[in-house]
Amino acid sequence: MEKEVLLAGESNSTEYKVTVPRNSEQYMKTVVAFANGQGGTIVFGVDDSLYVVGMEGDTIFQTMDAITNAISESCEPSIVPLVTLQTIEGNTVIVVEIESGRQRPYFLKSKGIVDGTYTRVGGTTRVVSGHMLRELILEGQNRYFDSEIYEGLHITNDFTNTDTI
């Protein structure tokens, strides 16, 4: 991924972390939000002001494995990230790419589907509301609100137009 794209700022599809937090839930929410949306990238080794600090060279491969394992163990349905290294301004960063998921809704196992389903709003990650969760469930079944059967609807043959021009 090009430097300009990686350092374009936090958005609907980009998140920066200076380090990998001890509590993986801090970035798992974003992983889930990306999978529930259009996908996205988390860059470890960059702060919010776009300063590239890089990651520890001695343990970088163990860190990559830890990120992959945390995603695998924390998310339901399974999310498979693409985790790569990239050198920017002489510092190595970890780039985690999350594809838009097809088995929505994705959620944190520890919180359950109601409290652990997230979406991305601009550069922030938010818990989804009830109606958004229902929409994600339908999308996961390849169905949408506007194609659902409405049982209380009464249809008539009266096509009288009462509007005047």
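Refer to the structure above for everything that follows.
Residues numbered from 1 in each chain as written. Predicted model: local features only at pLDDT ≥ 70, side-chain atom pairs only at ≥ 80, totals over all residues. Heavy atoms only, no water.

Caption draft 1: Structural detail: helix H2 (residues 25–36). In this model H2 runs 16 Å from its N-terminal to its C-terminal C-alpha over twelve residues, within 8% of the 16 Å that 1.5 Å per residue would give. Of all the twelve residues making up H2, nine are buried; the element is thus mostly covered by neighbouring parts of the structure. (Helix = DSSP H or I, 4+ residues; strand = E, 2+ residues; numbered from the N terminus. Expected span 1.5 Å × (residues − 1). Buried < 20%, exposed > 50% of the residue type's maximum accessible area, 1.4 Å probe, protein only.)

Caption draft 2: Region of the structure containing the pattern of salt bridges. In this structure the tally under the stated criterion is five salt bridges. In this structure, Glu 76 engages Lys 109 in a salt bridge whose closest nitrogen and oxygen atoms are separated by 3.9 Å. In this pair, Glu 76 sits in strand S3 (residues 75–76) while Lys 109 sits in the loop between strand S6 (107–108) and helix H4 (112–115), placing the two residues 33 residues apart along the sequence. Overall, the relative accessible area of 35% leaves Glu 76 in the partly exposed class. Taking relative accessible area as the criterion, Lys 109 reaches 41% and is therefore assigned partly exposed. Linking Arg 104 and Glu 139 is a salt bridge whose minimum nitrogen-to-oxygen distance equals 2.7 Å. Taken together, the residues span a long stretch of sequence, with Arg 104 in the loop between strand S5 (91–98) and S6 and Glu 139 in helix H5 (residues 130–140) at a distance of 35 residues. A relative accessible area of 15% places Arg 104 in the buried class. Here the residues in one salt-bridge network are Glu 15, Lys 17 and Arg 120, joined through shared partners. (Salt bridge = Lys/Arg side-chain N within 4 Å of Asp/Glu carboxyl O.)

Caption draft 3: Looking closely at the side chain of Ser 74. Mapped onto the fold, Ser 74 is located in helix H3 (residues 60–74). Of note is the side chain of Ser 74, whose polar atom sits 2.8 Å from the backbone oxygen of Ala 70. Excluding its chain neighbours within four sequence positions, the residues that come into contact with Ser 74 are Ser 24, Met 28, Phe 107, Leu 108 and Lys 109. (Polar contact = N/O pair within 3.5 Å; in protein donor to acceptor, adjacent residues only side chain to side chain. Contact = heavy atoms within 4.5 Å.)

Caption draft 4: Examining the pairing of strand S8 (residues 124–127) more closely. In terms of strand pairing, strand S7 (residues 118–121) meets S8 through four bridges, oriented antiparallel. Residue pairing in the sheet places Tyr 118 in a bridge with Val 127 of S8. Between S7 and S8, which pair antiparallel and follow one another directly, the connecting turn spans two residues, one of which, Gly 122, has a positive phi of 60°. (Pairing = 2+ DSSP bridges.)

Caption draft 5: Region of the structure containing the sheet that holds S5. Spatial strand order, S1-S2-S5-S4: four strands in an open sheet with mixed pairing. Bordering the open sheet on either side are strand S1 (14–17) and strand S4 (82–88), each of which pairs with just one other strand. Neighbour-to-neighbour, the strand axes of the sheet open up by a mean angle of 25°, direction not taken into account. Across four bridges, the pairing between S1 and strand S2 (residues 40–44) is parallel. By the bridge assignment for S2, Lys 17 is matched with Phe 44. With respect to the sheet, H3 is in contact with S2, S4 and S5, its orientation differing from that of S5 by roughly 15°. (Axes fitted to C-alpha atoms, helices over the stretch in contact; angles between N-to-C directions.)

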